[in-house]
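Understanding the architecture of this molecule
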Amino acid sequence: MDVPRDAAAAQQYGRSILEGERVRLRPLAESDLPHLERWWADPEWQALQQIVVRPRPEGTTIDMFRRWSVNDSPSGAGFSVEERETGGFAGHVTVWGATLPERAATLAIVLGPDFVGRGLGTDAVRVMVRYGFLVMGLNRIELRVLAMNDRARRAYAKAGFVEEGVRREAVFLGGGFGDEVVMSVLRAEWTDA
C-alpha cells in the first residue's frame, strides 16, 4: 500500500485498513463476550489454543478479552472478527508485546467452531498483519502453533507466515511432549495480497 498523498487517499486508507475479503475487524462489543467465554472454555478447542485444558471461573475470560481489546497502547491491539457477508461475530484477533526498537509483536486468533474451515481465520490474520505493519509500524509479527495442528499452519502460511523453526517437545499435552512451530512474517517480505 502506498502512503496516502491527499485527503481522499487517507480517507480510503481509513475505510479499508480493517476490511478483508471475508471479514471486518471491529471493536469488541459486550454481546461478543459470552461467545468468546464459551469458545475459550471449550476443552476441545483449549487443547489446540491454550494447550492446557483448565476450566476457569466465569468472568475471567471476559476480563482477559476486554484487556486485549482496550487498544489504548502502542504495544498491542485486539479486535472482534465479523463475517462481512452476514455481519455475524466470528472470533477475535490480537497482536501484543510490541516494543522499541525491535518492533516485533505476537499474534493470536480465536474463532468460533462454526466459523473454522471457511477461510475467515486466514483473512482475519491477513487484515491484522496489515494493521500491524501499516498502523502499528511493526517490522515482525510472530506466532507459535502446535506442530500437529496442520490446519492452522496452512492458514498462517496462506497469510504470509513462514516457519522459522521448531521448539522440540516444548508443549506438554495429553501426558506427553509435542513440538511447537514458530512462524513469522517480516515487513520486508510481506505482500498485502
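Here's a quick rundown of the structure. (Residues numbered from 1 in each chain as written. Predicted model: local features only at pLDDT ≥ 70, side-chain atom pairs only at ≥ 80, totals over all residues. Heavy atoms only, no water.)

Next up on the list: the packing of aromatic side chains. Inspection of every chain in the model, using the stated rule, returns nine aromatic pairs. Measuring from centroid to centroid gives 5.6 Å for Trp-40 and Phe-65, while their planes differ by 90°, and the two rings are edge-to-face. Note that Trp-40 is positioned in helix α2 (residues 33-41) and Phe-65 in helix α4 (residues 60-68), a separation of 25 residues in sequence. Taken as a pair, Trp-40 and Phe-65 share a single burial class, namely buried. The rings of Trp-39, Phe-89 and Phe-115 are connected pair by pair, giving a single aromatic cluster. (Phe/Tyr/Trp six-rings, centres within 6.5 Å; stacked < 30°, edge-to-face > 60°. Helix = DSSP H or I, 4+ residues; strand = E, 2+ residues; numbered from the N terminus. Buried < 20%, exposed > 50% of the residue type's maximum accessible area, 1.4 Å probe, protein only.)

Moving on to the nonpolar core. Core analysis: the biggest nonpolar cluster contains 46 residues, and Leu-107, Val-129, Ile-141, Tyr-156 and Phe-161 have the highest contact counts within it. Broken down by element, the residue count for this core peaks at eight residues, all from helix α5 (residues 120-134). If sequence neighbours within four positions are ignored, Tyr-156 has contacts with Leu-107, Ile-109, Val-125, Leu-143, Val-145, Phe-161 and Met-183. (Core = buried A, V, L, I, M, F, W, Y, C linked by side-chain atoms within 4.5 Å. Contact = heavy atoms within 4.5 Å.)

The quantities given are spatial measurements derived from coordinates; they are silent on function.
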